[in-house]
Structure formats: structure tokens, C-alpha cells
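Residue-level listing of the chains:
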Amino acid sequence: MNWLRQLFSRRRLHRELSEEIQAHLDEKVEELVAGGMSREEARRSARREFGNVGLIEENCREVWGWPSVESVFLDIRYGWRALSHSPVFTAVALLTIAIGIGANAAVFSVVNSVLLRPLHYPKPEELVALHQVAPGAEGLTDFENGLLLSPSMYFTYAEHNQTFQSLGVWVTGTANVTGLAEPEQVRTVGVSDGVLQAFSVPPAAGRWLLQTDQVPRGPERVMLSYGYWQRCFGGSQTVVGQNIMLDSQPREIVGVMPEGFQFVGADFDVIVPLAFDRGKQILAGFGYHGIARLKLGTTIADANADIARMLPVWMDSWSNGPGTNPHIYETWKIRPMIRPLKQEVIGNVGELLWVVMGTIGAVLLIACANVTNLLLVRVETRQQELAVRAALGAGWARIVRGLLVESVMLGLMGGVLGIGLAYAGVRFLVAMGPSNLPRLSEVSLDARTLGFTLVLSVLSGLLFAVFPALKYAGPRTAAALRSAGRTMSASRERHRARNLLVVGQVAMALVLLVSAGLMIRTFEAMRNVDPGLADPQHLQLVRISIPGSLVAEPERVTRTQNEILDKLAAIRGVKSAGFVSEMPMEGFDSDWDEIFAEDKVYAENTIAPLRLYKYISPGLLQTAGTRLVAGREMTWSEIYGLQPL
Amino acid sequence: MKQPIQRDLFPGALEMMILRTLKRQPMHGYALVQQIKRTSNDVLRIEEGSLYPALQRLLKEGFVKAEWGISATNRRVRIYKLTAAGGKHLEREVSSFERMLKGITQVLAPGEL
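Residues numbered from 1 in each chain as written. Chains lettered and ligands numbered in written order. Predicted model: local features only at pLDDT ≥ 70, side-chain atom pairs only at ≥ 80, totals over all residues. Heavy atoms only, no water.

### A short note on the overall build of chain B
Moving on, step 1. For chain B, the count of helices and strands is four helices and three strands.
Moving on, step 2. Along chain B, helices (α) and strands (β) appear in the sequence α-β-α-α-β-β-α when read from the amino end.
Moving on, step 3. Counting only residues that meet the buried cut, chain B has 41% of its 113 residues in that class.
Moving on, step 4. Of all intrachain contacts in chain B linking residues separated by at least 6 positions in sequence, the fraction that spans at least 24 positions is 46%.
Moving on, step 5. Within the structure as shown, chain B displays about 7200 Å² of accessible surface, and the carbon and sulfur contribution to it stands at 56%. (Helix = DSSP H or I, 4+ residues; strand = E, 2+ residues; numbered from the N terminus. Buried < 20%, exposed > 50% of the residue type's maximum accessible area, 1.4 Å probe, protein only. Contact = heavy atoms within 4.5 Å. Areas by Shrake-Rupley, 256 points an atom, 1.4 Å probe, with all protein chains shown as cover.)

### So, the packing of helix H2 (residues 10-34) of chain A against helix H4 (residues 53-64) of chain A
In a pair of packed helices, the angle between the axes and the distance between the axes together describe the arrangement.
All names here are of chain A.
Moving on, step 1. Direction vectors running N to C along H2 and H4 enclose 140 degrees, while the axes themselves pass 11 Å from each other. Taken together, the axis directions place H2 and H4 in an arrangement best described as oblique. Regarding H2 and H4, the two cross each other, and that crossing is right-handed. Residues Leu13, His14, Leu17, Ser18, Ile21 and Leu25 of H2 form the contact with H4, whose own contacting residues are Val53, Ile56, Glu57, Cys60, Arg61 and Trp64. (Axes fitted to C-alpha atoms, helices over the stretch in contact; angles between N-to-C directions. Parallel < 35°, antiparallel > 145°, perpendicular 65-115°, else oblique. Left-handed = near helix turned anticlockwise from the far one by under 90°.)

### What to know about the interface of chain B and chain A
Moving on, step 1. Taken together, the 23 residues of chain B in the interface contact 20 residues of chain A.
Moving on, step 2. In total, chain B and chain A occlude about 2100 Å² of area from one another, counting both sides; carbon and sulfur atoms represent 52% of this.
Moving on, step 3. When the buried surface of chain B facing chain A is broken down by residue, B:Tyr30, B:Tyr52 and B:Arg75 rank first, second and third, together holding 32% of it.
Moving on, step 4. Linking chain B to chain A there are six salt bridges.
Moving on, step 5. In this structure, A:Glu20 and B:Arg78 form a salt bridge, with 2.9 Å as the shortest nitrogen-oxygen distance. (Buried area = accessible area lost by both parts, 1.4 Å probe. Salt bridge = Lys/Arg side-chain N within 4 Å of Asp/Glu carboxyl O.)

### Some remarks on the pairing of strand S3 (residues 76-82) of chain B
Residue and element names in this part refer to chain B.
Moving on, step 1. Bridging between strand S1 (residues 27-28) and S3 involves two bridges; their strand directions are antiparallel. Each residue of the ladder has a partner; that of His28, found in S3, is Ile79.
Moving on, step 2. In terms of strand pairing, strand S2 (residues 64-70) meets S3 through seven bridges, oriented antiparallel. The residue bridging Val64 from the neighbouring strand is Leu82, located in S3.
Moving on, step 3. Between S2 and S3, which pair antiparallel and follow one another directly, the connecting turn spans five residues, one of which, Asn74, has a positive phi of 65 degrees. (Pairing = 2+ DSSP bridges.)

### A few points about the confidence of the model for chain B
Moving on, step 1. Taken over all residues, the pLDDT of chain B has a mean of 82, while the share at 70 or more is 88%.
Moving on, step 2. Across the predicted assembly, pTM comes out at 0.62 and ipTM at 0.83. (pLDDT = per-residue confidence, 0-100.)

### Quick look at the nonpolar core
Moving on, step 1. Counting residues in hydrophobic clusters, the biggest one holds 35 residues, and the most contacted among them are A:Ile21, B:Ile18, B:Leu22, B:Leu51 and B:Tyr52.
Moving on, step 2. Mapped onto this core, the elements with two or more residues apiece are H2, helix H3 (39-50) and H4 of chain A together with helix H1 (13-24), helix H2 (29-39), helix H3 (51-61) and S3 of chain B.
Moving on, step 3. Every residue in contact with B:Leu51, bar those within four places of it in the chain, is listed here: B:Leu14, B:Ile18, B:Gly29, B:Leu32, B:Val33 and B:Ile36. (Core = buried A, V, L, I, M, F, W, Y, C linked by side-chain atoms within 4.5 Å.)

### Quick word on a nonpolar patch on the surface
Residue and element names in this part refer to chain A.
Moving on, step 1. Together, Leu510, Leu513, Val514 and Leu518 give the surface a local cluster of nonpolar side chains, amounting to about 410 Å² of exposed area.
Moving on, step 2. On the secondary structure map, Val514 appears in helix H17 (residues 492-527).
Moving on, step 3. Assessed through its relative accessible area of 48%, Val514 is described here as partly exposed. (Patch = residues over 30% accessible without salt bridge, like charges linked within 9 Å, V, L, I, M, F, W, Y side chains within 5 Å.)

### What about the packing of H4(A) against H3(B)?
Moving on, step 1. Running from amino to carboxyl end, H4(A) crosses H3(B) at an angle of 10 degrees, the nearest separation of the two axes being 8 Å. For the element pair H4(A) / H3(B), the angle class is roughly parallel. For the element pair H4(A) and H3(B), the recorded crossing hand is right-handed. In this structure, H4(A) uses A:Ile56, A:Asn59, A:Cys60, A:Val63 and A:Trp64 to contact H3(B), whose residues at the interface are B:Tyr52, B:Pro53, B:Gln56, B:Arg57, B:Leu59 and B:Lys60.
Moving on, step 2. Split by residue class, the contact of H4(A) with H3(B) holds seven nonpolar, two polar and two charged. (Nonpolar A, V, L, I, M, F, W, Y, C, P; charged D, E, K, R; others polar.)

### Notes on H3(B)
Residue and element names in this part refer to chain B.
Moving on, step 1. Counting buried positions along H3 yields eight of eleven residues, so the element is predominantly enclosed.
Moving on, step 2. Of the positions making up H3, those classed as buried are Leu51, Tyr52, Pro53, Ala54, Leu55, Gln56, Leu58 and Leu59.
Moving on, step 3. Of the residues trailing H3, Gly62 is marked for its positive phi of about 85 degrees.

### So, the sheet that holds S1(B)
Residue and element names in this part refer to chain B.
Moving on, step 1. Reading across from one edge, S1-S3-S2 is the order of the three strands in this open sheet, with antiparallel pairing throughout. Sheet topology places S1 and S2 at the edges, where each strand pairs with a single neighbour.
Moving on, step 2. Contacts from H1 reach S1, S2 and S3, with the element oriented near 95 degrees to S3.

### Considering the packing of aromatic side chains
Residue and element names in this part refer to chain A.
Moving on, step 1. Tallied over the full model, the rule gives 21 aromatic pairs over all chains.
Moving on, step 2. Measuring from ring centre to ring centre gives 5.1 Å for Trp170 and Phe263, while their planes differ by 55 degrees; the resulting arrangement is tilted. Residue Trp170 is located in strand S3 (residues 164-178), and its partner Phe263 is located in the loop between strand S8 (249-256) and strand S9 (270-273); the two are separated by 93 residues in the primary sequence. Taken as a pair, Trp170 and Phe263 share a single burial class, namely buried.
Moving on, step 3. Geometrically, the ring pair formed by Phe261 and Phe263 is edge-to-face, given 6.0 Å between the ring centres and 85 degrees between the ring planes. Across this residue pair, the class does not change: Phe261 and Phe263 are buried. (Phe/Tyr/Trp six-rings, centres within 6.5 Å; stacked < 30°, edge-to-face > 60°.)

Okay, structure coming up:
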């Protein structure tokens, strides 16, 4: 803090110095006068012997000065004046920088929020996704998401593991809520015991779903998300203990998760217990996402080894029914590939975001080059001023510093404007809500983004000062004084820097152009993919599920569906209607099973290739306008007749 | 251009002389200059002003301290005084200067060339 005190006592220091030096001079004069000199002559002589008073005072002050703070202040004042003298240049430069830096700040805030910041769970580094692969399984092409867990796997892992604090499985789904304002389909997450414990996020109200809530056919209990609680219950504290009709069954609300809690990147309204019936589980049923919290000090490699050890235990403990070989899954070569939960959340957006970041970085470089060019032109017109300053004794370093301060000021002001732009941009992005960007709700400008922007501003400020500083602050005063007159045209070397900049700019712009072109090509190609439906503008989607608790018998379900479709088709303006379990490109978890071909003989102890399939109703293909390669649609009578088609 | 022979001889020389002079008795700036001039028989005609930055440096290092007082000619002046640290610094400087001087004298000594 010493320098701070010095900064404050500066004024006093200066005053005292002047006083002391004045006293010195007075004393000298008096002595000389006493020696017989005239007062006028004595004063001149005293001054001569003392030396340059101003310089000496400055030298004295410099002893105390915080290294050249004062002269930097001067530079800032000077730079400010110079900038405000040419408002058009300043405005153009600021706008360019603001756009460049603003775009970078915006993209960085996304990169930071999505990729760099840890997940919003306690000790997020311990959380892992239980990812598995089965390279030996035939048929299913979709191994990107790996092999999900079956309930029996969950039981095995939960009971035999040595590396996890807690472990559970979850799956997303939908359910119908009735009895509130109007019937609504809500997004559910089914969780086994251990999932909420793994997240360790305390509820905002009430309690978690516990092991006692996981009893099959036991009392049905649910938890709400914060958003659903606010939306449907107005955030009422008395909601805990109330009942909610979920799929026509009353369920007791035991708790509410806090604001901002996301289920591995998925939004949800209601958490329901999976309540697996242990006695009815078989080996198969690979439909659940696994999540776990590692024990303190265990690594992912340890956990992988632990799971690999438990896979044979799993095959020994369960079966797919009498007469089946449980070790048949050995042919699938199931292997654990546990991933940090963050990676699971982010998915493959990471690469894309870094590409965008790089692209935007190139844009900033182009903006910098533009501003440098402007600065070069400006410095050229100011060359005479600089030369005069140099001639008056301003050091090379001092002039360079002046230029640097000026352009760093430009950079910083541009940065401030850029932050404003970035803020608007991020708000716009969140409002737009691209569905495939995970952690979107977390995107915001935080301290790290601001720091990044600050560094970026200073760096770009320095960057566009380098050229002018190198070129014009050099010790060529006389030449500069002369050539800045009207008698000489721009010299060749003056053009070299600008040429260099233009070449750089064009090169970068070309790179951007090519990559933008490639992106557009990709986009075009994606647009041209045949989605399997015709005239999508005239298709409307409605989601319906008939809960088993309401209509139990399969045949009645079918009849109800048939009636619903008939009623839908009878609405004015509706041409036709159909049911499908999943529309093309919806990205739900598809149904899949072993498909045996009649003309093929399958070796024992193998599993037939797995294929994806969909459930559809009669009329769907006609409604969606799907092209049939051959044949016809099924009819309702064929379905009622249970004909194997 | 000033004649270099009359300037401060080497960096630190002026400080050394100031400290040495102040060791005898505290005094203010003007008296200090006169004293140094007198004792050096006017061989070292230092620029009077250059004393002050040197004094500021010594103040900053804590080798001297200053107090406002009244001079013999009844002026309000800043009187400089040697501190303990200044005394030690002086000893170190003097001994290193003497070593240097000895070296130079040996080189300059006639006969061996």
C-alpha cells in the first residue's frame, strides 16, 4: 500500500520540493549579492549553477513516482483528445472492434457455459454416465448411444459394485396429468433408487424419492420439477403431500427439485419411481441410462474394471427365461465405457463449438486488420505531428507508448461496446433456444467471459498498434518531416505494410468464405434428405397415450385408438389421420428387437440381429404421404382379426 | 556540452559524498553543496541542482531522513540527517570504492610498462 500513500501525498511532495529548491536559490542569490554582485546578475548566476529547475524537479519526482503512471495518464488524456478529434474514424473503428469482440465474447460465453463450466451438481467431477458398448451385437447400427442398461444390470451393479457411492438408472417418458386445469401431457423421468442420491442435489421442498418409494405396486409417489411446480401449483408450499393424477392414478407429491436442476441435460416435469419388480426381471431390457457417483479417489478406469468384473456376475445371476443360455451375451462383447457426466451432457457439440469459436476468431482478426489499416492511414496523416513531437525531444519509446495507449483505449472501448452486443446476442440465442445445444439455460456472461473479453480487447488493441508503431515511431524524424509535406507522394515502403495487411485479410476472408460455403453445402444436403413424408406443411402432430391403468385390455386399447382416429378424421379440414410410435427424425429411443428371417438358419448360442421398428396404425402411411415400395397398408379389420401380417 | 571532468564522476559518487558529509553533521541542501564544493577544493564542481534527485533517492532508500527546520540564515529549510542504515551503506560503498581506486591506481602506477 506504500505506493498508494505516495500517490496521495504526491501533491505535498511536489510542493515541498519546489519550496526547498526555491529556498536554495534564494540563499545562493543572497550570498552572491553579499559578495558584491547585482541582484539581477546573482539571480542569473544562481540559476546557471543550479541547472534546469524544471528537469531537476521532474527527476526528483520520478524517484518517488510509481513507474511512469503519470505519463501514462498523460498519454491516455492525449489519446482521448486525439480520438475525439476524429469522430468518424473513432466511430468506424469502434464499431468494427465492437462487432469483432462482441461476436467473440458471445461465442466464448457459450463455449464457457457449455464446455468449460462444471455441471451444476455438487462435486460434479465424481458424476459419471454408465456407458457401455457392445461391438459384437449384430444388426443394430445405432451404437452411438451405446448399449443402455437393463433393470437386471442395474440390480447387479447396485448390489455388487465396489467403486460407486451410489448408482441408478433413469429413463425419460411422458405421462398424462388430469384433474388439474386441463389435461396435459408432461415429460417424466423414471428413476431407480440411487439416481437422486448420485446427483446429491437437495430438494427445494419435501424430500427425495427413496428406496421405500421403489416398491412395485406400492404407494405411488412422485417429485416435481421447479418449473412444473411454479406453473401448475404456483410454487405453493402445501403441494407436498397433495395428490396428482398421473396416467389416471393418484400419486402423492413428496418433493420438488430446485430451480435449474436438469436431468443430464433433459428438461422434465415429473420424476416418477421406476419401481422395478426384482422377481420379474430378465437379462434383457436394455432401455435405461445409468448414472453413478464415484467413490472418493476412484478413477474412471477403476470403475470400468469394476463393471467389467460384474458383467459375468450379471449373466450368472439372471436369465432370459427357462431354456435360454444366459452367457449368450458374451457374443456381444459388452464392454463398459464410463464417461464423465459432463461429456454425456455435452455430447459432440464440443467440436462444433470450437469450430465456431475458431471461425469467429478469424473474423476478429479480419476486424483487427481493418482497424490497423485505418490506424495506418490515420498515423500517416499524423506523421508530421509525431515528427514534431520527436523533434521536441519525445523519446521513441514515449511515442510508441502513446500510440499503444491510444489503440488499447480503442480496443477497450470496443470491448465495452462488444460486451453489450454479446449480451444482446446471448439473450437472443437463449430466446431462440436451439434444441440441440445442451445446457442452454446456463448460458450467460460471467466473470470468466468478461475477463476473456478484457484480455481480447487489450490484445487486439496492442495488435493493431504494432504496425503503425513499428513503422512511424522509428528514428527518421527529418525524413518524416519532409515527406509529410505535400511535395512528396507516398513512398513505396509506406505501401508495404498496407499490402501485407490486405493480403492477410484476403487470405482469412477466403478461408472463412470456403468454410462458410462448405457449411452451406452441408446444410443444403441435409435439406435434400428425403424425410419419408410428403407435404410437411399440412401435417399436424398430436401426442396421445392411453394409460394402461385407464384401459387395460389390449383389444379395447385398439378400439379406443380406432375411435380417436375416426373422430380426428371427422374434424372439418382434416383429410386423414394415423398413429405412429415415433415420427421420422424425432429422435426418440426407438423400439428394437431380434428379427429372425424365415429363410435363414441361426446358429445356436447367438442372438439374431437387432433391428429397429415402429408401431403404426392403418392410415398413417397415407396421411404422412410415405412412399410405399410395394404392397398396401394394413386395415383395422386385419388388426382386429389379429392376423399375423 | 558541459565539461565531463566537472560532472559527477561515476554513478553513486555523489550519494557517497552526501552521506559522508552528512555523517559529520546534519545540514540542509544548500549547505551540503557548499560543504562538498569546499572540501573538494572546487575540483568537483557539481551542478547544484543534481544534488536534489540524489537526496530524494537516499530519502527513498531510508539512508537519510529529512525534517523541516530553520537554517542559520533564518530560512525554512529541510535538514537532512544520516540514518543508521545510511551509515552502514556508506561504509560498504567507501570500502568498495577504495578497492576500485586501488585497482585503478595499480594499473596507472608508472614503471611496469
